[in-house]
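# Coordinate analysis (summary)
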Amino acid sequence: MDAPAAGYAFEYLIETLNDNSRKKFFNVPRLGGTKYDVLPYSIRVLLEAAVRNCDGFLMKEQDVMNILDWKTKQRNVEVPFFPARVLLQDFTGIPAMVDFAAMREAVKVLGGDPKKVHPARPTDLTVDHSLQIDFSKCAIQNAPNPGGGEPQKAGKLSPLKAQPKKAPCRGQTACRGSCDSGEPGRSSGKFSSQIENTPILCPFHLQPVPEPETVLKNQEVEFGRNRERLQFFKWSSRVFKNVAVIPPGTGMAHQVNLEYLSRVVFEEKDLLFPDSVVGTDSHITMVNGLGILGWGVGGIETEAVMLGLPVSLTLPEVVGCELTGSSNPFVTSIDVVLGITKHLRQVGVAGKFVEFFGSGVSQLSIVDRTTIANMCPEYGATLSFFPVDNVTLKHLEHTGFDKAKLESMETYLKAVKLFRNDQKNSGEPEYSQVIQINLNSIVPSVSGPKRPQDRVAVADMKRDFQACLNEKVGFKGFQIAAEKQNDTVCIQYEGSEFRLCHGSVVVAAVISCTNNCNPSVMLAAGLLAKKAVDAGLRVNPYIRTSLSPGSGMVTHYLSSSGVLPYLSKLGFEIVGYGCSTCVGNTAPLSEAVLNAIKQGDLVTCGVLSGNRHFEGRLCDCVRANYLASPPLVVAYAIAGTVNIDFQTEPLGTDATGRNIYLQDIWPSREEVHQMEEERVILPMFKTLKEKIEVGNKRWNCLEAPDSTLFPWDSKSTYIRCPSFFDKLTKEPAALQPIENAHVLLYLGDSVTTDHISPAGSIARSSSAAKYLTHRGLTPREFNSYGARRGNDAVMTRGTFANIKLFNKFIGKPAPKTVHFPSGQTLDVFEAAELYQKEGVPLIILAGKKYGSGNSRDWAAKGPYLLGVKAVLAESYEKIHKDHLIGVGIAPLQFLPGENADSLGLSGRETFSLTFPEELSPGVTLNIKTSTGKVFGVIASFENDVEVTLYKHGGLLNFVARKFS
């Protein structure tokens, strides 16, 4: 099915980009004048798509006008949206591709040309959900006791052979790691195993080493376990236009989308238009940080877009989030992101678009923006949109975008007023609501001294710590007598004398994990270390310092940026890759320090950038522990105490005796962003591009058919030609009455798609298990419903198989129902199968909010294949109701104030219903039961498109007939 023709009603808006270009675009601002100028940028993207795709049927002129009148129509009208492209991951993508393969079969049977069957929209499918960790390696340094019990030995390869011997490190004196120095006794063997995802560089001396065995072994198993699916995906990429498959081992869907697939501006047959995307990955929203409108949807909506239909949405409210002021110099990117996220959660933006504007936006890097956009689930927004600006263009230039494309992109975006600048003008958007966040109000903070939820502003740290000394013993208190709070204890360490007191830092650990894996904060720590060393500052040697990167990539960019040696000079040397300080795997403190702490009953401190710091976790004698950003960990280590006011007290002195304050060595956000773009972003994009364009050996060598029709394997239990098209005719038949239908299930309120759709593992006693056992599989080989989404026989048997399903016929939670002609209590599938053999149509009775919860395609496909012709409910979750129509199930609704109980229905009756020849949206129909009762119900179709799809027997049949 071809994509809708360029908006015939608005052809007069088409212009050339400039005098020397063949590129054309719809100059949408001409349509609305001042109305357009005050639209939020995200709504302008919706409007452009509506104008470009207006065909008078799927997209009507009234839809365009509704979007243009967003200010008065928001929340009150449904509008269609044609996204530019689709993104699938393999678990949710395989049913869609199987349907397209089956559609080719159906089109051929009807006498059409199956080669014409292609997705109408560019579709990228990333194979990123198939990996399981079958092989792993573990090596933990300094792990005397990881949380209780006997000390653990260094992990051994399981089940791999030992790693090959690496190139010698040529006798570096700092060698503590896995590389053999070539000197007798130098190699301890502690690091002969590297953990999974370690770098392609020796973590200690940055020498090239072979790709980790674990990665290769896991990929080998992945290709073996999923060979059938991978061969099908490869066939799909060969025969379908508009389909690109990103092979296993390349990256996760949202990262690949952001780093490789994003266009920002599409160019199709010399026509320019904004990039936009929907897909089946919840992290799709990340691309809004690049100025690309996108959000996650369910499988059926995604498939509908692939088939050339729009996504339907209520014209949303748009909350304008104005960022003002300048961020505190000591604030990190993580502070900013979490501060904005917290504010949005408090305001309440659930189900709305959020759009950022104001002078403060330019201070956010693309990494900051995409992180904020990716955290939409945290604050409930549909999406958080950052319009394209100069920061975006600079980022795209760094990632290798063609300069000519960048120039035409900028020209186009400015022509259609989709380019944001900081200067206020008459065309400033108006929003449903405006909230202001002053970046200066976001302050750097730490958490502690005992619980991660106890936040302390860095500016208040000295005052708060002194208060903790005074407080009674508890979550914040240590109850130190006032006369002892200034006590000090002298220690001798490595030939020098030092004084320990309350607040002295004795453990400082920079850890790149969880919220601190953002490159900017690790680079900030490195830059701060460089400036500190250059200023002559150092860390007291008795402080137990360590650097534990979360992956080899962190080591790589710290090294390539030149800051790693400076961290080492301050004592922050790489100790390995794995959980260490967070879980209590800290090397023991020196005897001198331990004795001093006990002698003075000192409240000494640990500072780390991990995510756990409960009292005594780092060391039982370290009572105060604080979580801090990596640069603050380095700063407190240099200061040697947390009992310091960074604003008024120096960290130390330089060689001339001049005081050095934290602000003297703290790197600016501009410095960090520049290094991040040059040392992290660019190499990362280059590596990903090479991976995708070159592929990997296993994928390249994988054999797959290239026939027009897929050669289905009748023995396969993973991929099967579905039966959606079994009764397809070239022209739709007149609507058939539903006569003497039995009730398959009698359900109550709030039945969710989780109750309906197959999910999770396959229970050994289930109908799906019986099917697989009959085909020679053992329970260990059942796998999950998710892995078998390409087999409709498994998925149909898993429909309504949830053990928490409450069917009123049974009276307790169970995936069972009653087959009334025989009186047997059976699995839902077995009962439905008997009804189908008897030629009996089925309906479902339900209460309020039927189909609530996440969008799941098999929550509609499954009931259809069970023989369900209609659902009669008090109310529906709208998305699920749309899905029912999309598969050819009639959504019927009780009249207001009525339900099964009020009408005296038991569910044991049979039901008959006749449709009028001219079915219209919202018409009232009459149902007659076998007991003689007659009552009215609403045919819950909302527009002519839904009626048309239902008359065709669903979306797939509608499109298949177009191709034939």
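Because the structure is predicted, anything quoted here is derived from the model rather than measured.

With that settled, consider the overall build of the chain. When its secondary structure is counted, the chain shows 32 helices and 34 strands. Among the 964 residues that make up the chain, the fraction classed as buried is 57%. When contacts within the chain are restricted to residue pairs at least 6 apart in sequence, those whose partners lie at least 24 apart make up 73%. With an accessible surface of roughly 39800 Å², the chain has 49% of that area assigned to carbon and sulfur atoms.

What follows deals with the packing of aromatic side chains. Applying the stated criterion across every chain yields a total of 26 aromatic pairs. Judged by centre distance (5.9 Å) and plane angle (75°), the ring pair of Phe100 and Phe240 falls under edge-to-face. With Phe100 in helix α6 (residues 90-109) and Phe240 in the loop between α8 (227-239) and β6 (243-246), the pair connects residues that are 140 residues apart, well separated along the chain. With a centroid separation of 5.3 Å and an interplanar angle of 65°, the aromatic rings of Phe498 and Tyr542 are classed as edge-to-face. In this pair, Phe498 is assigned in strand β19 (residues 496-501) and Tyr542 in the loop between α17 (519-534) and β21 (544-548), connecting sequence segments 44 residues apart. Accessibility expressed as a relative area gives 4% for Tyr542, which makes it buried. Against the face of Phe475 rests Arg451, its NZ or CZ located 3.9 Å from the ring centre.

Okay, unusual backbone geometry next. The omega angle of the peptide bond from Gly448 to Pro449 is 10°, so this bond is cis rather than trans. With respect to the element layout, Pro449 can be found in the loop between β16 (445-447) and β17 (455-457). Even without glycine at this site, Ser750 takes up a positive phi of about 55°. Position of Ser750 among the secondary structure elements: in the loop between β26 (738-746) and α25 (753-756). Residue Asn783 is not a glycine yet carries a positive backbone phi of 65°.

In this section: the nonpolar core. Most often, soluble globular proteins keep nonpolar side chains buried together rather than apart. Grouped together as the largest cluster of nonpolar side chains are 185 residues, with contacts concentrated most on Met103, Phe232, Trp295, Leu744, Phe800 and Tyr850. Residue contacts for Phe800: discarding those within four places in its chain leaves Leu745, Leu747, His755, Ile756, Leu805, Pro815, Val828, Ile844, Tyr850, Pro863 and Leu866. Core analysis: the second largest hydrophobic core is formed by 75 residues, Ala529, Leu547, Leu651 and Leu662 among them.

Turning our attention to the pattern of salt bridges. Pairs may arise between side chains of opposite charge once their charged atoms sit close together. Applying the stated rule across the entire model yields 35 salt bridges. Across the salt bridge formed by Asp368 and Arg669, the nearest N and O atoms sit 3.0 Å from each other. On the criterion of sequence distance, the pair formed by Asp368 in helix α12 (residues 366-374) and Arg669 in helix α23 (residues 669-694) is long-range, its members being 301 residues apart. With respect to burial, Asp368 and Arg669 carry one shared label: buried.

A separate point is the packing of helix α29 (residues 858-866) against helix α30 (residues 878-887). Their axes nearest at 8 Å, the elements α29 and α30 cross at an angle of 40°. Relative to α30, α29 is oriented oblique. Remark: the crossing between α29 and α30 carries right-handed chirality. Contact residues: α29 offers Ala859, Ala860, Lys861 and Tyr864, while α30 offers His880, His883, Leu884 and Val887. Residues belonging to the contact of α29 with α30 are distributed by class as follows: 5 nonpolar, 2 polar and 1 charged.

Before going further, it helps to spend a moment on the side chain of Ser504. With respect to the helices, strands and loops of the structure, Ser504 is situated in the loop between β19 and β20 (505-511). The buried category is assigned to Ser504, whose relative accessible area is 2%. Here the side chain of Ser504 touches Cys501 through a polar contact of 2.9 Å, landing on its backbone nitrogen. Ignoring sequence-local partners within four residues, the contact set of Ser504 consists of Arg499, Val603, Thr604, Cys605, Gly640 and Thr641.

Judged by pairing direction, the sheet is mixed, and its 4 strands sit side by side in the order β1-β2-β8-β7 without closing on themselves. Whereas interior strands pair on both sides, the edge strands pair on one side only; in this sheet they are β1 (14-16) and β7 (265-268). Neighbouring strand axes in the sheet, compared pairwise and without regard to direction, differ in orientation by 35° on average. When β1 meets strand β2 (residues 24-26), the two strands line up antiparallel, connected through 3 bridges. Each residue of the ladder has a partner; that of Ile14, found in β2, is Phe26. In this fold helix α3 (residues 41-52) packs onto β2 and β8 (271-274), with an angle of close to 145° to the strand it touches most, β8.

Our next topic: the side chain of Glu355. Relative to the elements of secondary structure, Glu355 occurs in strand β13 (residues 353-357). This buried residue, Glu355, is left without a salt bridge; Arg44 holds the nearest opposite charge, at 6.8 Å. Of the polar contacts made by the side chain of Glu355, one reaches the side chain of Tyr431; its length is 2.8 Å.

A few words now on helix α21 (residues 630-639). Extensive coverage of α21 is indicated by the burial of 9 of its 10 residues. Buried residues of α21: Pro630, Pro631, Leu632, Val633, Val634, Ala635, Tyr636, Ala637 and Ile638, and no others. The first or second residue beyond α21 is Gly640, which carries a positive phi of 80°.

What follows is about the packing of α6 against helix α32 (residues 955-963). Between α6 and α32, the shortest axis-to-axis distance is 10 Å and the interhelical angle comes to 50°. Here α6 is positioned oblique relative to α32, judged by the angle of their axes. Every pair of crossing elements has a handedness; the one defined by α6 and α32 is right-handed. Contacts from Asp99, Met103 and Val107 in α6 reach Leu956, Val959, Ala960 and Phe963 in α32. Partitioned by chemical class, the residues of the contact of α6 with α32 number 6 nonpolar, no polar and 1 charged.

This paragraph deals with the sheet that holds β26. Overall, mixed pairing links the 7 strands, which are arranged β26-β29-β30-β31-β34-β33-β32 in a closed barrel. Adjacent strand axes in the sheet meet at a mean angle of 40°, parallel and antiparallel pairs treated alike. Pairing of strand β32 (residues 911-913) with strand β33 (residues 924-929) involves 3 bridges; the strand directions are antiparallel. Each residue of the ladder has a partner; that of Phe911, found in β33, is Thr929.

The next thing to look at is α3. Here α3 contains 12 residues, and its C-alpha end-to-end distance of 17 Å stays within 8% of the 16 Å for a straight helix at 1.5 Å per residue. Across the 12 residues of α3, 12 count as buried, placing the element largely inside the fold. Inspection of α3 places Tyr41, Ser42, Ile43, Arg44, Val45, Leu46, Leu47, Glu48, Ala49, Ala50, Val51 and Arg52 among the buried residues, and these make up the whole buried set.

Assignment of secondary structure puts His118 in the loop between α6 and β5 (123-126). A sequence separation of 17 residues divides His118 from Ala101, and the C-alpha atoms of the two residues are 9.4 Å apart. Of note is the side chain of His118, whose polar atom sits 2.6 Å from the backbone oxygen of Lys115.

Where the model shows low pLDDT, its predicted coordinates should not be examined in detail. For the chain, the average pLDDT comes to 84, and 83% of its residues sit at 70 or higher. In this model, residues 578-585 is a region of pLDDT below 50 whose contacts with residues beyond four sequence positions or in other chains number 31 contacts. Under a pLDDT of 50 for its full length, residues 612-618 has, in the predicted model, 32 contacts with residues more than four places off or in other chains.

Quick look at the environment of Phe356 now. Looking at where Phe356 falls in the secondary structure, it is placed in strand β13. Separated by 80 residues in the primary sequence, Phe356 and Gln436 have C-alpha atoms spaced 9.9 Å apart. If we skip the residues at most four places from it in the chain, Phe356 touches Cys321, Leu323, Ile340, Leu344, Val361, Ile372, Ser384, Phe385, Phe386, Pro387 and Arg420.

Here is what the cut-offs are and how they apply
- Residues numbered from 1 in each chain as written.
- Predicted model: local features only at pLDDT ≥ 70, side-chain atom pairs only at ≥ 80, totals over all residues.
- Heavy atoms only, no water.
- Helix = DSSP H or I, 4+ residues; strand = E, 2+ residues; numbered from the N terminus.
- Buried < 20%, exposed > 50% of the residue type's maximum accessible area, 1.4 Å probe, protein only.
- Contact = heavy atoms within 4.5 Å.
- Areas by Shrake-Rupley, 256 points an atom, 1.4 Å probe, with all protein chains shown as cover.
- Phe/Tyr/Trp six-rings, centres within 6.5 Å; stacked < 30°, edge-to-face > 60°.
- Lys NZ or Arg CZ within 6 Å of the ring centre and 35° of its normal.
- Core = buried A, V, L, I, M, F, W, Y, C linked by side-chain atoms within 4.5 Å.
- Salt bridge = Lys/Arg side-chain N within 4 Å of Asp/Glu carboxyl O.
- Axes fitted to C-alpha atoms, helices over the stretch in contact; angles between N-to-C directions.
- Parallel < 35°, antiparallel > 145°, perpendicular 65-115°, else oblique.
- Left-handed = near helix turned anticlockwise from the far one by under 90°.
- Nonpolar A, V, L, I, M, F, W, Y, C, P; charged D, E, K, R; others polar.
- Polar contact = N/O pair within 3.5 Å; in protein donor to acceptor, adjacent residues only side chain to side chain.
- Pairing = 2+ DSSP bridges.
- Lys, Arg positive; Asp, Glu negative; His and termini not counted.
- Expected span 1.5 Å × (residues − 1).
- pLDDT = per-residue confidence, 0-100.

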